[in-house]
Amino acid sequence: MRTLQNITLITTEHGFSLTYQDRQILRHSPDAPCLWAGAGEADIEMFRGNFSIKDKLNEKIALTGAEISESTDGWRVHFSRGDAVRATLHIGADDSGRLTLRLQNDNSRHNRLWLQLAAKPEDHIYGCGEQFSYFDLRGKPFPLWTSEQGVGRNKQSHVTWLADCKENAGGDYYWTFFPQPTFVSTQKYYCHVDNSGYMNFDFSAPDYHELAFWEDNATIRFECAPSYIELLEKLTALLGRQPELPDWIYDGVTLGIQGGTEVCQQKLDVMRRGGVKVNGIWAQDWSGIRMTSFGKRVMWNWKWNQELYPQLDTRIQQWKREGVQFLSYINPYVASDRDLCEEAAARGYLTKDAQGQDYHVEFGEFYAGVVDLTNPEAYAWYKDVIKKQLIELGCGGWMADFGEYLPTDTHLHNGVSAEIMHNAWPALWAKCNYEALQETGKLGEVLFFMRAGYTGSQKYSTMMWAGDQNVDWSLDDGLASVVPAALSLAMSGHGLHHSDIGGYTTLFDMKRSKELLLRWCDFSAFTPMMRTHEGNRPGDNWQFDGDAETIAHFARMTTIFTTLKPYIRQAVAQNASSGLPVMRPLFLHYEHEPRAYSLKYQYLFGRDLLVAPVYEEGRHDWTLWLPEDSWINVWTGEACGGGDVTVDAPLGKPPVFYRAQSEWASLFATLRHI
């Protein structure tokens, strides 16, 4: 036995056991090896961001032999199976004392690795980026690949079947815009993999977790802490933290409006006359529109469309004086039939195909070139597009959309395989936006929000949004799915999250109901940002100005949101300073409550508010669980202890409780009178 910085390696006659701060990480014997090596060929097909991924596996070989040698900075384990199959595991600590495992295939024909980490049957697992269907990941495999999140996302549902029939777009429980090779165990350690190739984290077995890598190497880091809060502080110290939000975010709802300058003004006037607190107008069609069979699409030529939005520059300044920001839209692709793409092509700034020609992706009845962000000149050029076309126009923010569509058969300037760069792409896109703000002195004043992400997004993406939920009540793709998405992302190190009020995807006879919009508005008042979206087929959806009752509802909920401004701002500041997320799983503060580990549809908003959104149609009451503490019902003032409680839950009064001992109790008590 030898110990190095809390790392202990115990050897046996035929194997070994590796522990880190008293947690067993690896165990190996010839009968139960921890490492496999093999060879495969990826078969990846993409259609409009939906990926079909298969592995043409040639071999998978258990490496039963293990010879251990000491090195100056740890140990080397030489795994083998006969004479031809070998791999090396280097065990050591990085400069911060984290346990670091470095795997390398020693056979040139092998490009696959499988590592089994020791586990306990009672472990719960969280993270792996943004997961919509599950919060506790134990019991299932989770392939990690950034893609469209899928329509329906449940292979048993009719909507998913229809989407699969149409264009393989139905998705499954693990489809996500923001995967990440990071998980947190209830043994109070995190595991993070530095790689960006395709991976599969399988938590199905009771006594091990299998991590599969479609590469010939992997670097894996572990860190432990006595509490989950301290563990997240350590994780975000590694990955980075989001800056604080601009102050205007807390001053109301950002209204998603399309149709031109005067339409924006008219809808803004209607909402403000109705008492709605409005902090911004988000006009995604600021650059023009393109009509497709999917619905109204943005024109992907990132310049102000002066025909659709006349006098926008002066109106932006007027709105800003009135406390209303103007937000726009951009993504990392340029429409093939417009001048920005022509300019990028002339400069050699687009990714290439196998013949060296510009690569164009089909996005649904139009094509677009992929700006090669690995080319320093292209990267700087696109950053200038953001500075000149959005920031100089006066935009207070924008949606930095997409990032997950990088085709695996395109060729990049940096020479790295697009299969390896695919997952890393959205973080590179986030960095481009972040640096545009940083270099113009606009960080903390201007906000961009993204749906796609990966390791590194913590450092660069100033706000996430949940993507394209259905305008329905489904658990896997409706209002309910946003809560585990936010909590999973929180346990992956990104603590700022919001969603389209009312959802987005309007297909297969879906129509957003008034009730769904109002319930989503109730939920969004207890998130870090309130923002609406018309959906891809606005005429089929109930909108925020649909009638006087809807406007009054938004007036009340935005008043609640703005009343909570000092409390939310404090929670956001905690996220920026220590990585403690704004929307939190209950076990962060109630570690000793077993029930807290299985909840995925309720959360703590900051330390002192417990929120349980109503996500079923036609409900007037709701049952939730309270951990042992002194709780006050926000709407009635009734005191409650812990356990299951059933409360009245009319529209406008979602189940929300606050801690009686909170320093914010007097502020929370005022909500009852709004």
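Scoring rules and cut-offs
- Residues numbered from 1 in each chain as written.
- Predicted model: local features only at pLDDT ≥ 70, side-chain atom pairs only at ≥ 80, totals over all residues.
- Heavy atoms only, no water.
- Phe/Tyr/Trp six-rings, centres within 6.5 Å; stacked < 30°, edge-to-face > 60°.
- Buried < 20%, exposed > 50% of the residue type's maximum accessible area, 1.4 Å probe, protein only.
- Helix = DSSP H or I, 4+ residues; strand = E, 2+ residues; numbered from the N terminus.
- Lys NZ or Arg CZ within 6 Å of the ring centre and 35° of its normal.
- UniProt positions renumbered as here; feature names shortened; annotations may be inferred.
- Pairing = 2+ DSSP bridges.
- Axes fitted to C-alpha atoms, helices over the stretch in contact; angles between N-to-C directions.
- Expected span 1.5 Å × (residues − 1).
- Contact = heavy atoms within 4.5 Å.
- Polar contact = N/O pair within 3.5 Å; in protein donor to acceptor, adjacent residues only side chain to side chain.
- Core = buried A, V, L, I, M, F, W, Y, C linked by side-chain atoms within 4.5 Å.
- Salt bridge = Lys/Arg side-chain N within 4 Å of Asp/Glu carboxyl O.

Notes on the packing of aromatic side chains
Thought 1: Applying the stated rule across the entire model yields 51 aromatic pairs.
Thought 2: When the centroid spacing of 6.4 Å and the interplanar angle of 80° are considered together, the rings of Tyr134 and Phe142 count as edge-to-face.
Thought 3: Tyr134 gets classed as partly exposed once you look at its relative accessible area, which sits at 29%.
Thought 4: An angle of 45° between the planes, with centres 5.0 Å apart, marks the rings of Tyr333 and Phe363 as tilted. Of the two residues, Tyr333 sits in strand 24 (residues 333-335) while Phe363 sits in the loop between strand 25 (360-362) and strand 26 (367-370), which places them 30 residues apart along the sequence.
Thought 5: Judged by its relative accessible area of 4%, Phe363 falls in the buried class.
Thought 6: Following the ring pairs from residue to residue traces out a cluster consisting of Tyr134, Phe142, Tyr173, Tyr174, Phe183, Tyr189, Phe201, Phe203 and Phe222.
Thought 7: Its end group placed over the ring of Trp36, Lys60 keeps NZ or CZ at 5.8 Å from the ring centre.
Thought 8: Looking at Arg556, its charged tip hangs above the ring of Trp635, at a distance of 5.1 Å from the centre.

Section: the UniProt feature "domain: Glycosyl hydrolase family 31 C-terminal" (unreviewed entry) in the chain
Thought 1: Within this numbering scheme, the UniProt entry marks residues 579-661 as carrying the feature "domain: Glycosyl hydrolase family 31 C-terminal" (unreviewed entry).
Thought 2: With 0% helix and 35% strand, residues 579-661 has its two end C-alpha atoms placed 24 Å apart.

Looking at the sheet that holds strand 26
Thought 1: In spatial order, the strands read 24-26-25; together these three strands make up an open sheet with antiparallel pairing. The sheet is open, and its two edges are formed by strand 24 and strand 25, each paired on a single side. Mean inter-strand twist for the sheet, computed between neighbouring axes without regard to direction, equals 40°.
Thought 2: Sheet analysis places strand 24 next to strand 26, joined by three bridges and oriented antiparallel.

Considerations on helix 11 (residues 548-563)
Thought 1: Here helix 11 spans 22 Å end to end across 16 residues, near enough to the 22 Å set by a 1.5 Å rise per residue.
Thought 2: Looking only at helix 11, the buried set comprises Thr550, Ile551, His553, Phe554, Ala555, Arg556, Met557, Thr558, Ile560, Phe561 and Thr562.
Thought 3: Buried residues belonging to helix 11 abut strand 19 (253-256), helix 3 (261-273), strand 31 (500-501), helix 10 (514-524), strand 32 (530-532) and helix 12 (565-578).
Thought 4: The N-capping residue of helix 11, defined by a side-chain oxygen 3.3 Å from the backbone nitrogen of Glu549, is Asp547.

A look at the pairing of strand 22 (residues 295-298)
Thought 1: Pairing of strand 21 (residues 289-292) with strand 22, which is carried by four bridges, proceeds in the antiparallel orientation. When the sheet's bridge partners are listed, Arg290 is paired in strand 22 with Arg297.
Thought 2: Here strand 21 folds back onto strand 22 in antiparallel fashion, the turn holding two residues.

Re the nonpolar core
Thought 1: Core analysis: the largest hydrophobic core is formed by 174 residues, its most contacted members being Trp300, Trp302, Trp398, Phe526, Phe605 and Leu609.
Thought 2: The dominant element in this core, judged by the number of residues it contributes, is helix 7 (residues 418-439), at 11 residues.
Thought 3: Grouped together as the second largest cluster of nonpolar side chains are 46 residues, Phe79, Leu89, Leu101 and Leu117 included.

With respect to the sheet that holds strand 38 (residues 639-640)
Thought 1: Pairing is antiparallel in the open sheet, where six strands are placed in the order 33-34-35-40-37-38. At either margin of the open sheet sits one strand with a lone partner, and together these are strand 33 (583-584) and strand 38.

Let's talk about the pattern of salt bridges
Thought 1: Using the criterion set out here, one finds 42 salt bridges in the structure.
Thought 2: Between Glu262 and Arg315 there is a salt bridge; the shortest N-O distance is 2.7 Å. Of this pair, Glu262 sits in helix 3 while Arg315 sits in helix 4 (residues 312-321), and the two are 53 residues apart along the sequence.
Thought 3: Residue class for Glu262 comes out partly exposed when judged on its relative accessible area of 41%.
Thought 4: In this structure Arg315 comes out as buried when scored by relative accessible area, which is 11%.

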